[in-house]
Amino acid sequence: MLKATLRSFLAHKGRLLLSALAVILSVAFVAGSLIFSDTVARTFDRLFASTSADVTVEPKEDLDEAIPSGQTPTIPASLADRVAKVDGVARTRIDAAVDNITVVDSENDSVGPTTGAPTIATNWLVTDRSPVELTSGHAPRGKDQALLDADTADKKDVEIGDTLTVLAGPGSFKVEVVGIVTFTTTNPGAALVYLDTPTAQRELLGDKDAATGISVDAAAGVSDIDLKRRVAAELGSGYDLKTADEQADSAASELGGFLDVIKYVMLGFAGIAVLVGIFLIVNTFSMLIAQRTRELGLLRALGADRRQVRRSVLTEAVLLGAVGSTVGLAVGIGLAAGLIELMGLLGMNLKSTEMVIGWATPVASYVVGVGVTFVAAYLPARRAAQVSPMAALADAEIAGVGRPLKVRAVIGSVVALAGAAALVGCATATKTSSAASLLGLGLVLTLIATVIAGPLLVRPVIRVLGGAFPALFGSIGRMSQRNALRNPRRTGATAAALMVGLALVTGMSVASASMTKSFDQQIDRTLGADFVVQNSNFIPFSKEITEKVRDTEGAGLVVRQRFTPVKVAMPDGKSVETTAAGYDERLDDVARITYVEGGTAQALAPGSIAMERDFADKHKVRVGEKLPVEFPGRRKTELTVGALTDQEGAEGFGVEGGLFFGIGTVEEYVPGGQESAVYVNAASGTEPDVLRDRLEKSLDPYPQVQVRDQADYKELIREQIAVMLYLVYALLGLAIIIAVLGVVNTLALSVVERTREIGLLRAIGLAPRQLRRMIRLESVVIAVFGALLGLALGLVWGVSAQQVLALQDMKAFAIPWTTVIAVVVGSVVVGLAAALLPALRASRMNVLAAIAHE
């Protein structure tokens, strides 16, 4: 049996090739994601471990910032002298570093990275743990000198002697580049600007006596843990102390979010490849077994029992999985190397020679590859075991052997009802978390139900889809329709591979279109200013920019917006950490706010706060109630609830409660904050278009900020949602590639299965061109059938997802008809493309050899 199995596997290796491709793709994405993330993690672990001080003293982080406030937490620089006197301290260094600056050249072009990595300005201190070394020029001396990293200098054509403008929180200042530093370790992709320590304290922090941290080196024989304990005893509990290992772990955990995005995206691709590949593998083995009915019957007649036959088919599947996993692992290594090179283009200089391939990578690769193939082949293997020894004497196949379709109908109906119940529960849920959980359950169950019940829909749907074929193409059209109807299970499984990808893209397209429409309505409903001046990535900007806006000719009303994290003690006993906004007076002139109680005057009055009505009801808050509020730096006060609003979308950006108050409150309790946005109305007699031109000219030296109106905001939202859609479209592309392989595989094996039939058709006068047309029509009708299933399922998913969005006050619903039409047209193209090779092969068959084929 083992010899027979090996010979059978080698005899059908060509027919198994496309199934192997599905395994290779899924394994490649799994292996590539693991190798890449492990390599980046190992590289940065070494970087953080080699550059972290033995102990660092930093400001204690009181509150998390959901939206950046622009404030840089600091500690007194004088702490360095206190720490230096602690027993076991060899030396201390003041750190003055910020990562929210912008640097521009003499032409006002940004010098920083364009990949989302920060531009970091810090003080220059030479230590044996510095990540860079001075390779040309000299160290900065004085307030107008700076160093720049070599990678940034090369990309932006900056040389020693050039003048740069640093746009920091306290204001802007010019520096001359007097030296270039080169990374001695991995370049994380950031741009680095070094200043001398007094300049960094004064210009970056706005306080010559402040620091962002104290780096402490231990004396010989003193461990990091002991040193941390001694420094903590000296300073007390008001600071955050970390050893080198803890600092490295903290930095690695922050990087981990970035790595997780890449890992999960690639694992998403792997998941799609696995899911769609299962249909391909099931179809392949089902058809191969159908074609080997007589062969399996002979094995049974020679004494092989059912278990041996089943084991033989599963062994072939394991061999296919092993081969596919081995090749997929190799492709995954190449994919990881490509990602490493791509990160190099983006500024993160990793070395492919230091690629990390841990033991978990090959294990995961073979578990995925072999496991998926084994599971997919199990049902065909059971079907093979049912072949009777008498089948060896008959010219028969077992394509129809298995459970009757009525059993599928029952099972599919039960699963579909369960899925529908979950989606109905999603639509009626009142909490986002519950609705999201029910949505996920509903998606899985309805997908399974559609896959199970798909063959039941083949005959009624394809009769309709191919109903015009006989009239348009005559007997050729009639035969293509009947070929698609011949084996509902096979047609259903082939179409299901395409259905998965199309359902995904349709559902996400409906959700994104609904989000876009909701945001458009919200912007129309709430934004009343002519223009909003805001950072391109929503990072706060300095007061200097606000003054430029005020000084612009034609600028009338200017209203500032600042964000700050807060912790509010609620009457129900809960403490809520969220982000609140501060505004200038006359907020009503630039924003449209619906109040349930009170108004803007009460909301922005000194000592007052406003919040969204549903949030207030949830925590039993009433107007006039005093609430204890904590600001960063553990500054505390009590604020009186002056107004309640009914603002849809108050929590749409992940900010709970819709809290806001007068900007004076922010200035009092969060000194040194920066504007997150400035709302501007044109002065009387100035046209908005004229004001826009003047604002853009005034703000030309500040490339980090943009002047936006309502249309710009809507376009910005569309662009951000489009980023999510691009990922979905990429997943769809992968699903379609594998689905096309599935259609090609099905048609190719179907051609082999119908060799004698094709020979007879050719013998009675069927022309090669007619044969190719018949196979193309069969492919198109299968692809369109899969597309319609995907569209129907995707629309149901999209409607359900919109119900979850509605709980976040994104209540508009939209169907992207352009996408729907493109899916239908694309499915026809997919069907035609998938039929090319099988149709060509069929038309080139030798007629007499085909008739004699067994």
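Note that the structure is predicted; figures quoted are calculated from it, not measured.

Definitions and cut-offs
- Residues numbered from 1 in each chain as written.
- Predicted model: local features only at pLDDT ≥ 70, side-chain atom pairs only at ≥ 80, totals over all residues.
- Heavy atoms only, no water.
- Helix = DSSP H or I, 4+ residues; strand = E, 2+ residues; numbered from the N terminus.
- Buried < 20%, exposed > 50% of the residue type's maximum accessible area, 1.4 Å probe, protein only.
- Contact = heavy atoms within 4.5 Å.
- Areas by Shrake-Rupley, 256 points an atom, 1.4 Å probe, with all protein chains shown as cover.
- Lys, Arg positive; Asp, Glu negative; His and termini not counted.
- Charge placed at Lys NZ, Arg CZ, Asp CG, Glu CD.
- Arc of directions from axis to C-beta.
- Polar contact = N/O pair within 3.5 Å; in protein donor to acceptor, adjacent residues only side chain to side chain.
- pLDDT = per-residue confidence, 0-100.
- Pairing = 2+ DSSP bridges.
- Axes fitted to C-alpha atoms, helices over the stretch in contact; angles between N-to-C directions.
- Patch = residues over 30% accessible without salt bridge, like charges linked within 9 Å, V, L, I, M, F, W, Y side chains within 5 Å.
- Salt bridge = Lys/Arg side-chain N within 4 Å of Asp/Glu carboxyl O.
- Phe/Tyr/Trp six-rings, centres within 6.5 Å; stacked < 30°, edge-to-face > 60°.
- Lys NZ or Arg CZ within 6 Å of the ring centre and 35° of its normal.
- Core = buried A, V, L, I, M, F, W, Y, C linked by side-chain atoms within 4.5 Å.
- Parallel < 35°, antiparallel > 145°, perpendicular 65-115°, else oblique.
- Left-handed = near helix turned anticlockwise from the far one by under 90°.
- Nonpolar A, V, L, I, M, F, W, Y, C, P; charged D, E, K, R; others polar.
- 1 Å grid on protein atoms, 1.4 Å probe; cavity = no way out; pocket = protein on both sides within 12 Å on 5 of 7 lines; lining within 4 Å.
- Points joined across faces, edges and corners; volume = space filled by probe spheres on them.

Student: Could you give an account of the overall build of the chain, with specific residues and numbers?
Tutor: When its secondary structure is counted, the chain shows 25 helices and 23 strands. When its C-alpha atoms are laid out on the principal axes, the chain stretches across 95 × 65 × 55 Å. When each of the 854 residues of the chain is scored for burial, the buried share is 52%. Considering only contacts in the chain between residues 6 or more positions apart, those separated by 24 or more positions represent 83%. Entry remark: accessible area of the chain is about 37500 Å², with carbon and sulfur atoms responsible for 57%. Computing the positive centroid from 80 side-chain charges and the negative centroid from 87, the chain places the two 18 Å apart.

Student: Help me get a handle on helix α1 (residues 2–11), residues and values and all.
Tutor: For α1, every residue scored as buried is listed here: T5, S8 and F9. Along the axis of α1, the buried positions cluster into a sector of 100°, meaning they face one direction only. More than 90 degrees from the buried face of α1, the exposed residues found are K3, R7, L10 and A11.

Student: Give a description of the environment of S779 that names residues and reports values.
Tutor: Here S779 shows up in helix α23 (residues 768–806). Judged by its relative accessible area of 0%, S779 falls in the buried class. Among residues more than four places away in sequence, those in contact with S779 are V743, L747, G831, A834 and A835. In terms of polar contacts, S779 uses its side chain to reach the backbone carbonyl oxygen of G831, at 2.5 Å.

Student: Account for the side chain of Q247, naming residues and giving values.
Tutor: Structurally, the position occupied by Q247 is in helix α7 (residues 244–291). A distance of 3.4 Å separates polar atoms of two side chains, one belonging to Q247 and the other to E58. What Q247 contacts, discounting residues up to four positions off in sequence, is S52, T56, E58 and K242.

Student: Lay out the confidence of the model for the chain with the relevant residues and their values.
Tutor: Low-confidence regions, as indicated by low pLDDT, have predicted coordinates that should not be scrutinised in detail. Here the chain averages 84 in pLDDT, while 93% of its residues score no lower than 70. Across residues 395–403, confidence stays below pLDDT 50; counting only partners more than four residues off in sequence or on other chains, it has 22 contacts. Confidence drops under a pLDDT of 50 for residues 649–654, and excluding neighbours within four residues, the segment shows 14 contacts in the predicted structure.

Student: I'd like to hear about the pairing of strand β10 (residues 191–195), residue by residue, with values.
Tutor: With respect to burial, β10 is a largely interior element, 5 of its 5 residues being buried. Sheet analysis places strand β5 (residues 119–123) next to β10, joined by 5 bridges and oriented parallel. Directly across from T122, in β10, lies its bridge partner Y194. Strand direction decides the pairing type here: strand β7 (residues 145–149) and β10, joined by 2 bridges, are antiparallel.

Student: Describe the sheet that holds strand β12 (residues 213–218), with residues and values.
Tutor: Strand order in the open sheet formed by 4 strands is β3-β12-β1-β13, with antiparallel pairing between adjacent strands. The sheet terminates laterally at β3 (89–95) and β13 (239–243), the two strands that pair on one side only. Adjacent strand axes in the sheet meet at a mean angle of 20° when their direction is disregarded. Examined bridge by bridge, strand β1 (residues 55–59) and β12 share 3 bridges and lie antiparallel to one another. Bridge pairing in β12 places T56 opposite S215. Strands in contact with helix α6 (residues 224–235) are β1, β3, β12 and β13; relative to β13, the strand with the most contacts, it is inclined by about 165°.

Student: Go over a nonpolar patch on the surface with me, naming the residues and quoting the values.
Tutor: On the surface, V318, F374, V375, Y378 and L379 cluster together into a nonpolar patch covering about 440 Å² of accessible area. By residue number, the principal contributor to the nonpolar patch is helix α10 (residues 360–385), which donates 4 residues. Turning to its location among the elements, L379 is positioned in helix α10.

Student: Got a sec to walk through unusual backbone geometry? Specific residues and values, please.
Tutor: What is expected of a backbone is that most residues other than glycine have negative phi and most peptide bonds are trans. Despite not being glycine, N108 has its phi angle at roughly 65°, a positive value. You can see N108 is positioned in the loop between β4 (102–104) and β5.

Student: Tell me about the packing of aromatic side chains, and please be specific about residues and values.
Tutor: Tallying each qualifying case throughout the model produces 5 aromatic pairs. Measuring from centroid to centroid gives 5.9 Å for F469 and F473, while their planes differ by 80°, and the two rings are edge-to-face. You can see F469 and its partner F473 sitting in helix α13 (residues 469–473), 4 residues apart, about one turn around the helix. Given the relative accessible area of 11%, F469 is considered buried. Considering the side-chain rings of F631 and F661, the 6.0 Å spacing of their centres and the 55° angle between planes classify their relative orientation as tilted. With F631 in strand β19 (residues 626–631) and F661 in strand β21 (residues 660–662), this residue pair connects regions lying 30 residues apart in the sequence. Chaining the aromatic ring pairs together yields one cluster made of F631, F661 and Y669. The positively charged end of R708 is found above the aromatic ring belonging to Y713, 5.9 Å away from the centroid.

Student: Explain the nonpolar core residue by residue, including any values.
Tutor: Counting residues in each nonpolar core, the largest one holds 100 residues, and the members touching the most others are F285 and I775. When near neighbours in sequence (up to four residues on either side) are disregarded, F285 contacts L16, V313, E316, A317, L320, A377 and P380. If you look at the next biggest cluster of nonpolar residues, it comprises 36 residues, including M515, F563, V590 and I721.

Student: Tell me about the environment of T432, residues and numbers included.
Tutor: Note that T432 resides in helix α12 (residues 432–465). As a C-alpha pair, T432 and Q808 span 376 residues in sequence and 7.5 Å in three-dimensional space. Apart from residues no more than four positions distant in its own chain, T432 is found in contact with V804, L807 and Q808.

Student: Break down the pattern of salt bridges for me, with residues and values.
Tutor: Inspection of every chain in the model, using the stated rule, returns 25 salt bridges. E203 is the partner of R202 in a salt bridge, and the nearest nitrogen-oxygen pair spans 3.5 Å. Given the relative accessible area of 35%, R202 is considered partly exposed. Residue R229 is joined to D226 by a salt bridge in which the shortest nitrogen-to-oxygen separation is 3.4 Å. Taken as a pair, R229 and D226 lie in helix α6 at a separation of 3 residues, close to a single helical turn. Under the relative-accessibility criterion, D226 is labelled partly exposed at 29%. The network of salt bridges with shared partners includes R560, R562, D584, E667 and E675.

Student: If you had to explain the packing of helix α2 (residues 17–51) against α10 to someone new, which residues and values would you point to?
Tutor: At their nearest, the axes of α2 and α10 sit 9 Å apart, and the two run at 160° to each other. Between α2 and α10, the interaxial angle falls into the category roughly antiparallel. The interaxial crossing formed by α2 with α10 has right-handed handedness. Contacts between α2 and α10 involve V23, S26, V27, V30, A31, L34, I35 and D38 from the first element and A360, T361, A364, S365, V368, G369 and T373 from the second. Grouping the constituent residues of the contact of α2 with α10 by class yields 9 nonpolar, 5 polar and 1 charged.

Student: A description of empty space enclosed by the protein should follow, citing residues and the corresponding values.
Tutor: Counting across every chain of the model gives 2 cavities of 30 Å³ or more. Of the pockets and cavities examined, the largest cavity occupies roughly 80 Å³. Surrounding the largest cavity, 13 residues form its lining, N483, R490, T491, S750 and E778 being those nearest its centre. When residues of the lining of the largest cavity are traced back to their parent elements, those giving at least two are α14 (475–486), α15 (488–526), α21 (710–753) and α23.

Student: Can you tell me about the pairing of β19, naming the residues and giving the values?
Tutor: One ladder, built from 2 bridges, connects strand β15 (residues 555–569) with β19; its direction is antiparallel. Note that in β19 the partner of K567 across the bridge is E630.

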